[in-house]
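Residue-level structure breakdown
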Amino acid sequence: MTGEVGELREPGEPLLRVRDLAVDYGTGRRRTRVVHGVGFDIAPGRTLGLVGESGSGKSTIGGAVLGLVPVAGGSVEFEGRDLATLSRPERRALGARRQVVFQDPYSSLDPTLTIGASLAEPCATLPAAERMTRAQVRDRTAALLQRVGLGPDAALRYPAQFSGGQRQRIAIARALMLSPRLVVCDEPVSALDLSVQAEVLNLLTEVQRDLGLSLLFISHDLSVVRHVAHEVAVLRAGRIVEHGPAQRVHEDPQDPYTRALLAAAPVPDPDEQQRRRELRRALAEQQLAERKD
Ligand SMILES: Nc1ncnc2c1ncn2[C@@H]1O[C@H](COP(=O)(O)OP(=O)(O)OP(=O)(O)O)[C@@H](O)[C@H]1O
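Residues numbered from 1 in each chain as written. Predicted model: local features only at pLDDT ≥ 70, side-chain atom pairs only at ≥ 80, totals over all residues.

- Naming follows an unreviewed UniProt entry, where the protein appears as Oligopeptide/dipeptide transporter of Kineococcus rhizosphaerae.
- Under the Sequence similarities (unreviewed entry) heading, UniProt states for the protein: "Belongs to the ABC transporter superfamily." (UniProt positions renumbered as here; feature names shortened; annotations may be inferred.)

Re the environment of L261
- Within the secondary structure, L261 is located in helix α10 (residues 256-264).
- A residue is classified by how many C-beta atoms lie within 10 Å of it, and L261, with 24 of them, is buried.
- Residues L261 and R91, 170 residues apart in the sequence, show an inter-C-alpha distance of 37 Å.
- Setting aside chain neighbours within four positions, we find L261 in contact with V51, L222 and V234. (Helix = DSSP H or I, 4+ residues; strand = E, 2+ residues; numbered from the N terminus. Buried ≥ 20, exposed ≤ 12 C-beta atoms within 10 Å, placed from the backbone. Contact = placed C-beta atoms within 7 Å.)

Quick notes on the packing of helix α6 (residues 164-176) against helix α7 (residues 194-211)
- Between α6 and α7, whose axes approach to 10 Å, the crossing angle comes to 15 degrees. One element, α6, and the other, α7, form an angle in the roughly parallel class. In this structure, α6 crosses over α7, and the sense of that crossing is right-handed. Contact residues: G164, G165, Q168, R169, I172 and L176 in α6; V196, E199, V200, L203, L204 and V207 in α7.
- Its residues assigned to classes, the contact of α6 with α7 comprises seven nonpolar, three polar and two charged. (Axes fitted to C-alpha atoms, helices over the stretch in contact; angles between N-to-C directions. Parallel < 35°, antiparallel > 145°, perpendicular 65-115°, else oblique. Left-handed = near helix turned anticlockwise from the far one by under 90°. Nonpolar A, V, L, I, M, F, W, Y, C, P; charged D, E, K, R; others polar.)

Looking at the site of the ligand
- In the region of the ligand, the neighbouring residues are Y25, G26, V34, G52, S54, G55, S56, G57, K58, S59, T60 and H220.
- No other element matches the three residues that helix α1 (residues 58-65) contributes to the shell around the ligand.
- Here the residues of the shell around the ligand are counted per class, giving two nonpolar, nine polar and one charged. (Near = placed C-beta within 6 Å.)

Shown next as structure tokens:
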């Protein structure tokens, strides 16, 4: 298997270190800064929740961490290496160890490929020296499908043959193919029904714990993030306004914006409020059941 967890240079060194990050969109007079001096660390095996309203810059920061969005200022260091200083082969090698799960499993899986082919795809991006044999890819696919709760026959089927929650499980398996150390989860459950959200969130936290993964968990919903993240950073208009332990931020928010985000936590209609209550109950029940196991 490739991409085994590598060594950190010093004990306690964060896996991801973001410092004074600035990101601009547009050029010339249309250039606009959307991320302003953002900084945070994620240690190995830890989850940072990044919360904020739509348009606050969450996905942009996720993109910068993945090396997909150009950085206008500051730095993103992964495994102690500043992404801006990497050669193309180095970028490729480090890229394999940072993966992403997007919100929409409908568009993140190619409908024309079998699940097996979709899971095998990332393996083609590995440097020649790290390539897996076809048999290794097949075995790893079967093992990961099983890990996310699907049978090995799933590899022969197409995305349209699965429900939204199953597709998101497949997207998680795909993100794990190259044994990443960091996974950026960009609103991974927002497109799912509430009961399914709880299952997928629990799968993510289980996998995170079992594999010692670091997660950057992006969501507009602090009540969801609280269940999966160790720490939470609250983003407002491209700036972090509050950062602390998840439970503390949720229960005793210090910044007025965090309080407003929680109070306003866009729950405009009673159905949505009811769904949120159900999600919280489902999460609590599943966590309780896990503790008993
Ligand atoms: N490719 C782009 N070109 C220009 N502006 C962009 C681009 N992508 C995002 N933006 C702008 O940058 C700001 C931050 O967007 P971003 O998608 O990072 O926010 P977000 O918090 O992830 O929002 P959402 O939850 O709606 O995805 C927004 O004002 C958005 O309109």
